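Chains, contacts and geometry: an overview
Below, each chain spelled out in residue letters.
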Amino acid sequence: LQPTGAWTDYPLGVVAKLREADFAVGGFDAKFSTDLPVGAGLSSSAALEVSTAVFLSRVFDFSLTPMALALLCKRAENEFAGVN
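Figured I'd write up the structure that's included with this text. (Residues numbered from 1 in each chain as written. Predicted model: local features only at pLDDT ≥ 70, side-chain atom pairs only at ≥ 80, totals over all residues. Heavy atoms only, no water.)

Description of the pattern of salt bridges
- Applying the stated criterion to the full structure yields two salt bridges.
- The salt bridge involving Glu20 is made with Lys17; its shortest N-O contact spans 3.2 Å. Taken as a pair, Glu20 and Lys17 lie in helix H1 (residues 9–20) at a separation of three residues, close to a single helical turn.
- On the basis of relative accessible area, Glu20 is assigned to the exposed category, the value being 56%.
- The salt bridge partner of Glu79 is Lys17, with a shortest N-O separation of 2.6 Å. With Glu79 in helix H3 (residues 66–80) and Lys17 in helix H1, this pair connects stretches of sequence that are 62 residues apart.
- On the basis of relative accessible area, Glu79 is assigned to the exposed category, the value being 52%.
- A single salt-bridge network, built from bridges that share partners, covers Lys17, Glu20 and Glu79. (Salt bridge = Lys/Arg side-chain N within 4 Å of Asp/Glu carboxyl O. Helix = DSSP H or I, 4+ residues; strand = E, 2+ residues; numbered from the N terminus. Buried < 20%, exposed > 50% of the residue type's maximum accessible area, 1.4 Å probe, protein only.)

Geometry only, nothing functional implied.
Quick look at the structure:
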């Protein structure tokens, strides 16, 4: 997987980092929606990455500790999406 410069780099980055960590993540179709209010104090990219990781862990039947999940999502954002 390669970054595209679009918002889809956030979930794609999660997939890329999971695969780098040897989690068997295959193909999937997903639709993203939210009811998170503007100004809720939560980064939208972080919310998208964490929800993607949790979704994939359930679909592909693996588990990560909350800390490992957070660190993987941080790497996806920093290294794949290129955002600090």
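So that's the structure; there's more coming.
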